[in-house]
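Listed here are the chains, written in short residue letters.
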Amino acid sequence: IVVSEDSKTLDSFLRFCYPSTLAEDPSLETLTDVVSVISAAKKYSLELIEKKVCQALVNPKILETQSLGSFAIARSARLKNETVITARHTLRQPLIPARFTEIELIT
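Thresholds applied
- Residues numbered from 1 in each chain as written.
- Predicted model: local features only at pLDDT ≥ 70, side-chain atom pairs only at ≥ 80, totals over all residues.
- Heavy atoms only, no water.
- Salt bridge = Lys/Arg side-chain N within 4 Å of Asp/Glu carboxyl O.
- Helix = DSSP H or I, 4+ residues; strand = E, 2+ residues; numbered from the N terminus.
- Buried < 20%, exposed > 50% of the residue type's maximum accessible area, 1.4 Å probe, protein only.
- Axes fitted to C-alpha atoms, helices over the stretch in contact; angles between N-to-C directions.
- Left-handed = near helix turned anticlockwise from the far one by under 90°.
- Contact = heavy atoms within 4.5 Å.
- Nonpolar A, V, L, I, M, F, W, Y, C, P; charged D, E, K, R; others polar.
- pLDDT = per-residue confidence, 0-100.
- Expected span 1.5 Å × (residues − 1).
- Bend = angle between axes of the 7 residues up to and from the residue.
- Polar contact = N/O pair within 3.5 Å; in protein donor to acceptor, adjacent residues only side chain to side chain.

Undergrad: Please clarify how the pattern of salt bridges should be interpreted in this entry.
TA: Side chains that differ in sign of charge can pair as their charged atoms come close. Tallying each qualifying case throughout the model produces five salt bridges. Across the pair Lys43 and Glu5 runs a salt bridge whose closest N-O atoms are separated by 3.2 Å. Of this pair, Lys43 sits in helix 2 (residues 31-43) while Glu5 is found in the segment before helix 1 (7-17), placing the two residues 38 residues apart along the sequence. Residue classification places Glu5 among the buried residues on the basis of a relative accessible area of 14%. Put simply, Lys42 and Glu50 hold a salt bridge, and the shortest N to O gap is 3.0 Å.

As structure tokens, then:
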């Protein structure tokens, strides 16, 4: 079976599907990982996985360092609560931010 997702995305995605008593949810270390797994969850209509992955966007560790990217992803994915939370954290950033790759998701 041919799928469009890469092996890293599928690995993370399928680990969310595996019973949590047997394996921990995968850690999504970059916003790129978050985007790819959210896209797969939307593609395959798995809302529970989408909700779990969205928690990574509002992780305080990520918000402190990548709030603009988190906001762009949340907005692009139409995640109301995550968009509001990440938007508040962007207010702590300079008015004219440095370029970040996730800006392409909302422009």
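Undergrad: I keep staring at the packing of helix 1 against helix 2 and nothing clicks. Help me out?
TA: Helix-helix packing: each pair is described by the crossing angle between the helix axes and the interaxial distance. As a packed pair, helix 1 and helix 2 sit with axes 9 Å apart at the nearest point and diverge in direction by 65°. Taken as a pair, helix 1 and helix 2 cross one another with a handedness that is right-handed. Two secondary-structure elements touch here, helix 1 through Lys8, Thr9, Ser12, Phe13 and Phe16 and helix 2 through Asp33, Ser36, Val37, Ala40 and Ala41. Taken together, the residues of the contact of helix 1 with helix 2 sort by class into five nonpolar, three polar and two charged.

Undergrad: So what exactly am I meant to see when it comes to unusual backbone geometry here?
TA: One non-glycine residue with positive phi stands out, namely Ser45, at about 55°. Mapping Ser45 onto the fold places it in the loop between helix 2 and helix 3 (47-57). With a relative accessible area of 60%, Ser45 lands in the exposed category. Look at Arg78: it is not a glycine, yet its phi comes out positive at around 60°. Along the chain, Arg78 turns up in the loop between helix 4 (60-76) and helix 5 (80-90).

Undergrad: Would you take a moment to explain the confidence of the model for the protein chain for this structure?
TA: Low-pLDDT stretches of the model should not have their predicted coordinates read in fine detail. On average, the protein chain scores 84 in pLDDT, and the residues at 70 or more come to 94%. Highest mean pLDDT in the protein chain belongs to helix 5 (93); lowest belongs to helix 1 (84).

Undergrad: What is the right way to read helix 4 from this model?
TA: Along an α-helix, residues three or four apart share an orientation, since each turn contains 3.6 residues. Across its 17 residues, helix 4 extends only 20 Å between first and last C-alpha, which sits more than 12% below the 24 Å expected from 1.5 Å per residue. In helix 4, a bend of some 105° at Gln66 exceeds every other bend along the element. Of all the residues in helix 4, the buried ones are Ile62, Leu63, Ser67, Gly69, Ser70, Ala72, Ile73 and Ala74. Residues of helix 4 that are buried make contact with helix 2, helix 3 and helix 5. Taking the backbone nitrogen of Lys61 as reference, a side-chain oxygen 2.8 Å away marks Asn59 as the first, capping residue of helix 4. The first or second residue beyond helix 4 is Arg78, which carries a positive phi of 60°.

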